[in-house]
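For reference, the chains in residue letters:
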Amino acid sequence: MPTFLRASATLSRRIVSTTARPGIAILRSFHSFPSNAAVAHPVTAHGPPPKAPSPAPEYGEHTEEQDGNAGLGSGSKPLQSRTVKPSSLKNRFWKNVDVWKKPEGDYQVLLDARPVRTPSKDVLFIPPTKPHLAHLIALEWDVMTTAQQALKNHMIPLTSLAARAADIVREDANSEAITRQQIVKTAMRYLETDTLLCWVPEKNAYNIEEVDEQGQRPESLREAQVRVAKDVISFLSTKVWPGIEIKPILDTESILPVSQSQATKDIIEQWISGLQAYDLAALERGVLASKSLLVAVRLVSEWSENFRHIQRPGQKKFSIEEAAEASSLEVKWQTDLWGEVEDTHDVDKEDLKRQLGSVIVLVSGETR
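Residues numbered from 1 in each chain as written. Predicted model: local features only at pLDDT ≥ 70, side-chain atom pairs only at ≥ 80, totals over all residues. Heavy atoms only, no water.

## Topic: the overall build of the chain
Using the following cut-off: Runs of H or I in DSSP of at least four residues are treated as helices and runs of E of at least two as strands, each being numbered from the N terminus. Each residue's exposure class comes from its accessible area (1.4 Å probe, protein chains only) as a fraction of the maximum for that residue type: buried when under 20%, exposed when over 50%, partly exposed otherwise. Every residue pair with non-hydrogen atoms within 4.5 Å of one another is taken to be in contact. The accessible surface values rely on the Shrake-Rupley method and a 1.4 Å probe; as for residues, cover is taken only from the protein chains in view.
Looking only at helices and strands, the chain has 12 helices and three strands in total. Within the chain, the fraction of its 368 residues that count as buried is 35%. At a minimum sequence separation of 6, the contacts of the chain that also span at least 24 residues come to 59%. Looking at the chain as shown, the accessible area adds up to about 23,500 Å², and 54% of this sits on carbon and sulfur atoms.

## Considerations on a nonpolar patch on the surface
To keep it simple, the criterion reads: Patch membership requires more than 30% relative accessible area and the absence of a salt bridge. Residues of like charge join within 9 Å; the nonpolar side chains Val, Leu, Ile, Met, Phe, Trp and Tyr join within 5 Å. Salt bridge, as applied in this entry: a Lys or Arg side-chain nitrogen positioned within 4 Å of an Asp or Glu carboxyl oxygen.
Together, Leu-136, Leu-139 and Val-143 line one region of the surface with nonpolar side chains, adding up to about 260 Å² of accessible area. In this structure Leu-139 comes out as partly exposed when scored by relative accessible area, which is 47%.

## Observations concerning the environment of Val-361
Topologically, Val-361 is positioned in helix α12 (residues 345-363). Looking at Val-361, the relative accessible area reads 18%, which means it is buried. With 57 residues separating them in the primary sequence, Val-361 and Ser-304 have C-alpha atoms 9.1 Å apart.

## Here's the deal with helix α9 (residues 293-303)
Heads up, the condition is: Polar contacts here mean pairs of N or O atoms no more than 3.5 Å apart (in protein, one a potential hydrogen donor and the other a potential acceptor; neighbouring residues in sequence count only if both atoms are side-chain atoms).
A large share of α9 lies buried, amounting to 10 of its 11 residues. Within α9, burial applies to Leu-293, Leu-294, Val-295, Ala-296, Val-297, Arg-298, Leu-299, Val-300, Ser-301 and Glu-302. Buried-residue contacts for α9 involve α5 (178-191), α6 (221-240), α7 (262-273), α8 (277-290), α10 (320-327) and α12. The N-terminus of α9 is capped by Ser-292, whose side-chain oxygen sits 3.5 Å from the backbone nitrogen of Leu-294.

## Concerning the sheet that holds strand β3 (residues 114-115)
We count it as follows: Paired strands, in this sense, are two strands between which DSSP finds at least two bridges.
Pairing in this open sheet of three strands is antiparallel, and the strands run β1-β2-β3 from one edge to the other. Every other strand in the sheet has two partners, leaving β1 (97-101) and β3 as the edge strands with one partner each. Pairing between strand β2 (residues 107-111) and β3: two bridges, direction antiparallel. Bridge pairing in β3 places Leu-110 opposite Pro-115.

## Points about the packing of aromatic side chains
What counts is decided by this rule: Only the six-membered ring of Trp is used, alongside the rings of Phe and Tyr, when aromatic pairs are assigned; centres must lie within 6.5 Å, and planes under 30 degrees apart are stacked while those over 60 apart are edge-to-face, with the rest tilted. In this scheme, Lys NZ or Arg CZ marks a charge over a ring once it lies within 6 Å of the ring centre and within 35 degrees of the ring normal.
Counting across every chain of the model gives four aromatic pairs. Between Phe-93 and Trp-94, the ring centres sit 4.8 Å apart and the planes meet at 80°, which makes this aromatic pair edge-to-face. Residue classification places Phe-93 among the partly exposed positions, given a relative accessible area of 47%. A cation over a ring is seen here: Arg-298 above Phe-235, with NZ or CZ 5.0 Å from the ring centre.

## Some thoughts on unusual backbone geometry
It is generally the case that most residues other than glycine have a negative phi and that most peptide bonds are trans. Within the chain, Lys-121 stands out as a residue other than glycine whose phi angle is a positive 75°. With respect to the helices and strands, Lys-121 occurs in the loop between β3 and α3 (131-142).

## Describing the side chain of Thr-159
Mapping Thr-159 onto the fold places it in helix α4 (residues 157-173). On the basis of relative accessibility, which here comes to 5%, the residue Thr-159 falls in the buried class. Separated by 2.7 Å, the side chains of Thr-159 and Glu-140 make a polar contact.

## Some remarks on α4
Quick note on the threshold: To estimate the expected span of a helix, count its residues, drop one, and scale the result by 1.5 Å.
Between its first and last C-alpha atoms α4 spans 25 Å; for 17 residues at 1.5 Å apiece the expected length is 24 Å, and the two agree. Burial of α4 is extensive: 12 of the 17 residues sit out of reach of the surface. Those residues of α4 lying buried are Pro-157, Leu-158, Thr-159, Ser-160, Leu-161, Ala-162, Ala-163, Ala-165, Ala-166, Asp-167, Ile-168 and Glu-171. Its buried side turned inward, α4 meets α3, α5, α8 and α12. Positioned one or two residues after α4, Ser-175 has a phi angle of 60°, which is positive.

## Considering the pairing of β2
Here β2 lies mainly inside the structure; five of its five residues are buried. Here β2 shows a buried face lined by Tyr-107, Val-109 and Leu-111 and a second buried face lined by Gln-108 and Leu-110. Where β1 and β2 come together, five bridges link them in antiparallel fashion. Bridge pairing in β2 links Val-97 to Leu-111.

## Some details on the environment of Ile-178
Structurally, the position occupied by Ile-178 is in helix α5. We classify Ile-178 as exposed; its relative accessible area is 52%. Considering only alpha carbons, one finds Ile-178 and Ile-168, 10 residues apart in sequence, at a separation of 8.7 Å.

## Observations regarding the side chain of Gln-225
The residue Gln-225 is located in helix α6 in this model. With sequence-adjacent residues up to four places away left out, Gln-225 is seen in contact with Cys-198, Trp-199, Val-200 and Leu-329.

Limitation: the analysis is restricted to geometry and does not speak to function.
Structure, rendered in structure tokens:
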């Protein structure tokens, strides 16, 4: 026996347990290598490779197991097959989509002869001043290929948003304010961490000090944040909430946000609580999409038919692109500097514009 094997065997016999009772020695084996070596068997399988996986039967696809004879020899008992009918939602149950105006003035979107309804089973009525909203909702349903797509809110952004507004209208008529109170509470919570008011500190790595080839210093992230925020705050403090003071909530080295004054919060909360149903539903989507109450308020107030008295005739309104840039300024600054990730940053940017665009469509209207 080789020397190292004799030493290992001797060591395995000398190991004494320290947990044994006093005066009694227990010998235990100690192995540093497997007792039996592994045997590599040759590959003896023959024939073609296995078949590719097939869809599960519940998705309505035909499989060999459903025949009851897959892989069975003669005289074998067939397998029990289960026939699953395809879901009726895989096909759309309507052919034509039309917009019908009632004698009272409201619009309805008809799927053949069936009106589009809200999740609460109520017929969806569109105000007479919003014909463009009714036609765009009809377009959402006209481009569908399956009824199952109607169950996904991202496939029907305007329908779901109009249904949200209709629910608020119904609650207001019944002297209920459950949804309204929830939206106000959520919006005020976003004010405490408004992305428009979170500025990087003055001494920060993102604040560029170098100059470019033309001898000009590029705009730093903080300068861009201050520029965009002051433009929005100037409009809100003069048109929407005259005389109000809005201050940045994250402007120092501290990671703790600075809260707005109680007077400021009371004025903003009262303003949100008094919004019309369609403006309130649009504000909620704008806040959730942009993560900024101030951006959503300016977008609603500049486009809503209920705020024509503060809008600037003949001047350019707060656009979708400007709102998207204000709510994602840091991401834009970084991607302009380092480039964007394909199918990530570009998709997020377009989705943000889509949601902010639905806000404008919902609140805007025509003059009677």
